[in-house]
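Notes for the structure review
Here is what each chain is made of, one letter per residue.
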Amino acid sequence: MYDYLLVGAGLFNSVLAYELTKHGKKCLVVEKRNHIGGNCYTEEIEEVIVHKYGAHIFRTSDKEIWKYMLQFAEFNHFVNSPIARYKDELYNLPFNMNTFSKMWNITTPDEARAIIAKQSENVHRPARNLEEHAIGMVGIDIYEKLIKGYTEKQWGRECRHLPASIMKRIPLRYIYDNNYYKDPYQGIPIGGFTPIFEKMFHGCDIVLETDYLADRSNLEKEAGIIIYSGTIDSYFEYKYGALEYRSLHFETEIIDTDNYQGVAVVNYTDAEVPYTRIIEHKHFEFGNQKKTVISKEYPLKWELGTEPYYPINDDVNMERYRLYQREAEKDQKVIFGGRLGSYQYYDMQDTVKAALNLAKELL
């Protein structure tokens, strides 16, 4: 008999597993995939550490969270400075003076502010949707070239039908600074994320390629408390209908060159290119291998049976989620958490914080 059954072997449950095991609790981990680590899983291809499910860069402003992660790995000094490609034009991200200078052939913040003010003077305020928010933030030129096509590919909806909240995560700076994040602590674990998970899950019993929901009646007998990090609607058999997500498809290639694009991430922002970005993995660790590995990231309509990545937190889905949340509160044996169990888009640092807070409550 186990103290805890952890459903899912991603970041949320890995933190819990480490904390619970450290305090003498016996944990069984059940994972549907054939590996631990969830979407943060990394593997080695041609001596390159590959982020199998897209780029994962750990960053935080919380020194204690940073120190916590340093228990498990040494992090390099990688700084996320992606490039946006619109047809044959290249721009720096996030939106900053380098972007504005290239877009409008200007040099000063006052010039940039004046152009944005002019281009957004007729936008409805407060913004009623993503399109209005984006134009109000950076003007029509940047919206048309660097936001509209990319965002509509990513979400499968027109920008005027998306909530403004999606864009509120995107930085805007009137300085020459291509560092995507403001967090003082950021980097990639040297050797990838998978060794971190191996350390965190040490001492647990792990069963891979096992669908908890398909064998729920037997597995729930294994432990007194279940921590469930899968989709909350699937746990309740979609009784209120399925929550909506966007999914992703990755095409990974080995290319016989030492440097394919010169940067870890290039966003393809025009609508005609079917993928949203190309990741060249070796640049996360400043690699000099003879060959390189790239991944093209294609947005995908989510359907039952495909992998859920991004929750669509519009009014309809959030109302449906609240119905499931009320059901979850009635279940005394199961705790729901993580990105899917909470139907939230968590950054990695948010996931670690949430897991540590839960661990404190349990212990």
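Attention in this report is confined to the structure presented alongside it. Quick caveat, the model's predicted, so the values are computed rather than measured.

1. Some details on the side chain of Thr292
In this fold, Thr292 is placed in strand 14 (residues 292-301). There is a polar contact of 2.7 Å between the side chain of Thr292 and the side chain of Glu280. What Thr292 contacts, discounting residues up to four positions off in sequence, is Glu253, Ile254, Ile255, Thr257, Tyr260, Glu280 and Lys282.

2. A few points about the pattern of salt bridges
Throughout the structure, instances matching the rule amount to 23 salt bridges. Here Asp88 ties to Arg85 by a salt bridge, and the two come within 3.2 Å at their closest N and O atoms. Relative accessible area serves as the criterion here: at 69%, Asp88 is assigned to the exposed category. Judged by its relative accessible area of 30%, Arg85 falls in the partly exposed class. Close ionic contact of Asp347 with Arg169 constitutes a salt bridge, the shortest N to O distance being 3.0 Å. One end of the pair, Asp347, is in the loop between helix 10 (338-341) and helix 11 (348-362); the other, Arg169, is in the loop between helix 5 (130-155) and strand 8 (185-187), with 178 residues separating them in the sequence. A residue is classified by how much of its surface remains accessible, and Arg169, at 45% relative accessible area, is partly exposed.

3. Some remarks on the nonpolar core
Counting 56 residues, the largest nonpolar core has Leu5, Phe95, Phe100, Ile142, Ile147 and Tyr212 as its most contacted members. The leading source of residues in this core is helix 5, at ten residues. Look past the residues within four positions of Phe95 in its chain and what remains in contact with it is Phe100, Met137, Val138, Ile142, Leu146, Ile147, Met167, Ile170, Pro171, Leu172 and Arg173. Counting residues in hydrophobic clusters, the runner-up holds 34 residues, among them Tyr4, Phe12, Val15 and Met348.

4. Looking at the packing of helix 3 (residues 97-104) against helix 4 (residues 109-119)
Here helix 3 crosses helix 4 at 70°, and the two axes come no closer than 10 Å. Compared by their axis directions, helix 3 and helix 4 come out roughly perpendicular. Helix 4 is crossed by helix 3, and the crossing has left-handed handedness. Between helix 3 and helix 4, the contacting residues are Met97, Phe100 and Trp104 on the first element and Pro109, Ala112, Ile115, Ile116 and Gln119 on the second. Of the residues belonging to the contact of helix 3 with helix 4, the class tally is seven nonpolar, one polar and no charged.

5. Digging into the environment of Tyr174
Topologically, Tyr174 is positioned in the loop between helix 5 and strand 8. Linking Tyr174 and Phe95, residues 79 residues apart in sequence, is a C-alpha distance of 8.3 Å. Setting aside its immediate chain neighbours within four residues, Tyr174 contacts Met97, Phe100, Pro109, Ala112, Arg113, Ile116 and Met137.

6. Observations concerning the packing of aromatic side chains
Ring pairs (aromatic) are described by centroid distance and by the angle formed between their planes. One pass over the full model with this rule turns up 28 aromatic pairs. Considering the side-chain rings of Phe58 and Phe75, the 6.0 Å spacing of their centres and the 55° angle between planes classify their relative orientation as tilted. Taken together, the residues Phe58 in strand 5 (residues 58-60) and Phe75 in the loop between helix 2 (63-69) and strand 6 (83-86) connect sequence positions 17 residues apart. What makes Phe75 buried here is its relative accessible area of 10%. Ring-pair connections join several aromatic residues into one group, and the members of that group are Tyr212, Tyr228, Tyr235, Phe236, Tyr240, Tyr324 and Phe336. Seen from the ring of Tyr2, Lys26 lies directly overhead, with NZ or CZ sitting 5.0 Å from the centre. Across from the ring centre of Tyr91, 5.1 Å away, lies the NZ or CZ of Lys102, which sits over that ring.

7. Description of unusual backbone geometry
Cis geometry is found at the peptide bond from Leu93 to Pro94, where omega equals -5°. Mapped onto the elements, Pro94 comes out in the loop between strand 7 (89-92) and helix 3. Going from Arg125 to Pro126, the amide bond is cis rather than trans, its omega being 0°. With respect to the element layout, Pro126 can be found in the loop between helix 4 and helix 5. Not every positive phi belongs to a glycine, and Lys87 is a case in point at roughly 55°.

8. As for the sheet that holds strand 9 (residues 205-207)
One open sheet accounts for five strands, arranged 9-2-1-10-16; its pairing is parallel. The open sheet has two edge strands with one neighbour each: strand 9 and strand 16 (334-336). Direction aside, neighbouring strands of the sheet carry axes that sit 20° apart on average. Relative to strand 16, strand 10 (residues 223-228) is paired through three bridges, and the arrangement is parallel. The residue bridging Tyr228 from the neighbouring strand is Phe336, located in strand 16.

Conventions adopted
Residues numbered from 1 in each chain as written. Predicted model: local features only at pLDDT ≥ 70, side-chain atom pairs only at ≥ 80, totals over all residues. Heavy atoms only, no water. Helix = DSSP H or I, 4+ residues; strand = E, 2+ residues; numbered from the N terminus. Polar contact = N/O pair within 3.5 Å; in protein donor to acceptor, adjacent residues only side chain to side chain. Contact = heavy atoms within 4.5 Å. Salt bridge = Lys/Arg side-chain N within 4 Å of Asp/Glu carboxyl O. Buried < 20%, exposed > 50% of the residue type's maximum accessible area, 1.4 Å probe, protein only. Core = buried A, V, L, I, M, F, W, Y, C linked by side-chain atoms within 4.5 Å. Axes fitted to C-alpha atoms, helices over the stretch in contact; angles between N-to-C directions. Parallel < 35°, antiparallel > 145°, perpendicular 65-115°, else oblique. Left-handed = near helix turned anticlockwise from the far one by under 90°. Nonpolar A, V, L, I, M, F, W, Y, C, P; charged D, E, K, R; others polar. Phe/Tyr/Trp six-rings, centres within 6.5 Å; stacked < 30°, edge-to-face > 60°. Lys NZ or Arg CZ within 6 Å of the ring centre and 35° of its normal. Pairing = 2+ DSSP bridges.

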